[in-house]
Structure formats: structure tokens, C-alpha cells
Amino acid sequence: MQVTNHVIYQWLINCHQIFDVQQQYLTQLDREIGDADHGLNMQRGFNSVFEKLPEVANKDIGTILKTVGMTLLSKVGGASGPLFGTFFLKAAQVAQNKQSLTLEEFYHALKAGADGIVARGHAELGDKTICDVLMPVLSDYQLALNQHENIIALFQNLASVAAKAAEATIPLIAKKGRASYLQERSIGHQDPGATSTSYLFKALAEAVEQEND
């Protein structure tokens, strides 16, 4: 089972669509504990990614992911641009010159992206951030590698884990980012960045299904 450059390409198209649809919801979440610009930033960033995709349609996965990372860094404001940009740039390094990745290689690409975010933002599990989705997803992914799951089922499960992990940020106190200024008042609100991260995995699961259906 392989994650091909076609899957990655479709993943990014799906990201563009989902952030367009969810822009207002993400803005609403960010209005509660942030600057009310996260939804617009993510929509703008993946609109720009979508415009760039035809230029890299037949390129290796590393080139595609690097293009995404550079685009998000330049087009997305606030903390989201550097964090999500870093995620894709670090993943790109693992996927350099590869037209397809084994499930294990793709795990290592995602892990490199997550490690890049941790290094940049110094967040830990429980801090009410992107990492509260990435870490449980990667943990489940690592376990799944040993169970030889069907590729569609594997990524559908990861999307489910991501959605539940984003929801699990609601009772947490924010310890990083703009929301951390609110301290206890951040309790009761779902983290926008964690929610966007869950959408990445929803879009990915849909891309895998579209490729393998």
C-alpha cells in the first residue's frame, strides 16, 4: 500500500475545499479565544496553495509538500502560517524525490512535520494547540503500521481520532499562543488550530478513499 503523489495532490485540493467551507466556523472558534482571523487565514492560505498546484501536479511528493509549506509561510498570517508551513516543509524533506511513499515512510513524513511544529512552538500534549491533534493521530498511526490495516480504514480511523482530539481541547486551559492570555477563560472553547489540523486528516482520508475506492 502506497501514498502516491496523486493522493497528496488530491489531499491538497480537498484541503482547499474544506477550509473554504469551514472558514466561518473556524473564525467563530477563533473569535472566542483568539483574534478572529484563523478561518480567513487558513482559507486564504489554501486558496493560494490551490492556485499553485497545477505547477507541481507531476512533481515528486517532496516538491509538492515544499511548495505547500512555502506558500503557507508567505500567505497565512498569525502563528498559523509558520506552524503549518513548518509542518509541510519538514514533511517534504522526508518525501524528497519520491513519487510514492510506503505507509511507514508517510508516517515518518508526518512525524517530521509534527516534530517541526513542536520545535517551533514548544507545545506539549494538553496545551490546547495543534499538537493535541497531531500527537494522538501519530500514536494511532504508529500502532496501525503493525496491524496491516486496509489503507482506507487506516486513514478513516486517523480522521476520526483527529476529530475527537480536536473536540477534546474544549475543557483544556490554553498554555500556548494567543489563547493562553485568557488562562481559565479559555476553558470551554475548542481550539481553532487543533480543529484545522483535524480537517487536514479529514481531507487526507477522503483523498485516500478517492484514490483507492
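Before any of the text, the structure's been laid out above.
Presented here is a report on the structure given in the accompanying data block. (Residues numbered from 1 in each chain as written. Predicted model: local features only at pLDDT ≥ 70, side-chain atom pairs only at ≥ 80, totals over all residues. Heavy atoms only, no water.)

1. Describing the side chain of Ser80
Cut-off, in case you're wondering: Put simply, DSSP marks the helices as runs of H or I at least four residues long and the strands as runs of E at least two long, and each gets a number from the N terminus on. Note on exposure labels: buried denotes an accessible area under 20% of the residue type's maximum, exposed denotes more than 50%, and partly exposed covers the range between, all computed with a 1.4 Å probe on protein chains only. Pairs of N or O atoms within 3.5 Å make up the polar contacts considered here, provided that, within protein, one atom can donate a hydrogen while the other can accept it, and that residues adjacent in sequence are counted only when both atoms are side-chain atoms.
Here Ser80 lies in helix α5 (residues 80–94). The exposure class assigned to Ser80 is buried, which follows from its relative accessible area of 13%. A distance of 3.0 Å separates the side chain of Ser80 from the side chain of His38, its partner in a polar contact.

2. Notes on helix α8 (residues 151–167)
So the rule is basically this: Multiplying one less than the number of residues by 1.5 Å gives the expected span of a helix.
In a regular helix each residue adds 1.5 Å, so 17 residues correspond to 24 Å; α8 covers 25 Å between its end C-alpha atoms and thus fits that length. Where α8 begins, the capping side chain belongs to Asn150, and its oxygen is found 2.8 Å from the backbone nitrogen of Ile152.

3. Quick word on the packing of aromatic side chains
Put simply, the test is: Note on aromatic pairs: the rings of Phe, Tyr and Trp (six-membered ring only in Trp) are paired at centre separations within 6.5 Å, and the planes decide the class, stacked below 30 degrees, edge-to-face beyond 60, tilted for the rest.
Summed over the entire model, instances satisfying the criterion amount to 9 aromatic pairs. Ring plane angle 70° and centroid distance 6.2 Å describe the contact between Phe19 and Tyr199, whose orientation is recorded as edge-to-face. Note that Phe19 is positioned in helix α1 (residues 5–21) and Tyr199 in helix α9 (residues 192–212), a separation of 180 residues in sequence. Classification of Phe19 as buried rests on a relative accessible area of 0%. Aromatic rings pair up to connect Trp11, Phe19, Phe46, Phe87, Phe88, Phe106, Tyr107, Tyr141, Phe155 and Tyr199 into one cluster.

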